[in-house]
Each structure stands twice: as structure tokens, then as C-alpha cells.
Amino acid sequence: MATALGAVGTNTASAAVGAKRSIKQVNLTIAVEPSVTLKGTKGQCLITSDGYNIAFDAKDYPSLGIEGELSSGGPGPATDPTQRRSYTAFTADIDGVSYGEDDSKGLDSINSAVALSVKKKIIKFNAYPIVAFETGTPATMTGTVRCR
């Protein structure tokens, strides 16, 4: 997998990097044109009280396109509010188009689109805002990731 886990791994949760990073279940839809669905049990996932990281690639999810990949990270309940921006990250290459988190409506619109259950190891995305870098076309990611 070419994508390295980012936001949590670079902050306080780095102590948890040795934790198991496997996926129990992925069911995500990325509302791009045409839409992309990731369903399966492959990829990387890390959830701690400091935040989460997920990463997927085209080898396991061909719907991402050749050389495609997706990774996202965000804050958790123990994250210092002054550090929340540095914990929020999204990058994807979907069918040759690069995307990032869309913070045009502020960080709250991103963080409110994510429900993280540290105890149950579940991340729920509800219209997580993303944007195509080159065109500025907005899109969203919706669905659930369950980690082991």
C-alpha cells in the first residue's frame, strides 16, 4: 500500500502505531462522477482516543482506478481542541483525479461529518466534504469503516 497513515501517526497517537491496523468491514461511497463504492475487508485502520486513520488502495479496491488510493485521518475525543486542524486530513486519487478535504465551510463541517466510536472501533462518515484539487468540484464520502 503506497499511502502511509498520516494524521494520528504524526501526533500523540504515534505510541499506538504498533496496534493492529486491520479492517473488519468497509462500506464507503464517494460521490464523484461516476460514484465509487468501496466494499470489503482490506486496507488499514487505526482508531485510538486521539483519532483515526484509514487507508485503501486500488489493489484491494479496483473501483479507485489504476494507481488509485484513499486515506483519511481525524481527531478523537482526547484530541486537544487547539490541535484538531492538524489531525484532519483526507487525500485520494480516484481514477486519476486528486481530492482533498473541503474546508471551505470551516473545520466544523468536516468534523461534524464524522462519528467515531473508539470502543466499538467504528468510523461513520455522513457526507464528509471533499473537493477535486484541479477543478474545485465538490464531492462527499458517506459510509462506515469497522476496524478490528
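Residues numbered from 1 in each chain as written. Predicted model: local features only at pLDDT ≥ 70, side-chain atom pairs only at ≥ 80, totals over all residues. Heavy atoms only, no water.

A. Up close: the overall build of the chain. When helices and strands are tallied, the chain shows 2 helices and 10 strands. If you list the helices and strands of the chain from N to C, you get β-β-β-β-β-α-β-β-α-β-β-β. Contacts in the chain between residues at least 24 apart in sequence constitute 52% of all its contacts with a sequence separation of at least 6. A total of about 7400 Å² of accessible surface is found on the chain, and carbon and sulfur atoms cover 50% of it. (Helix = DSSP H or I, 4+ residues; strand = E, 2+ residues; numbered from the N terminus. Contact = heavy atoms within 4.5 Å. Areas by Shrake-Rupley, 256 points an atom, 1.4 Å probe, with all protein chains shown as cover.)

B. Structural context of the pairing of strand S8 (residues 114-117). As judged from the 4 bridges shared by S8 and strand S9 (residues 122-132), these two strands associate in the antiparallel manner. For Val114, the partnering residue across the bridge sits in S9 and is Phe125. Counted along the chain from S8 to the antiparallel partner S9, the turn is 4 residues long, and its residue Lys121 has a positive phi close to 60 degrees. (Pairing = 2+ DSSP bridges.)

C. Molecular detail of the environment of Asp57. Residue placement: Asp57 occurs in strand S4 (residues 51-57). Taking the relative accessible area as the measure of exposure, Asp57 reaches 9% and is therefore buried. For the pair Asp57 and Gln44, spaced 13 residues apart in sequence, the C-alpha separation works out to 9.6 Å. Here Lys59 takes part through its backbone nitrogen, which lies 3.2 Å from a polar atom of the side chain of Asp57. (Buried < 20%, exposed > 50% of the residue type's maximum accessible area, 1.4 Å probe, protein only. Polar contact = N/O pair within 3.5 Å; in protein donor to acceptor, adjacent residues only side chain to side chain.)

D. Up close: a positive patch on the surface. The grouping of Lys24, Lys119, Lys120, Lys124, Arg146 and Arg148 at the surface amounts to a positive patch. Note that Lys119 resides in the loop between S8 and S9. (Patch = residues over 30% accessible without salt bridge, like charges linked within 9 Å, V, L, I, M, F, W, Y side chains within 5 Å. Salt bridge = Lys/Arg side-chain N within 4 Å of Asp/Glu carboxyl O. Lys, Arg positive; Asp, Glu negative; His and termini not counted. Charge placed at Lys NZ, Arg CZ, Asp CG, Glu CD.)

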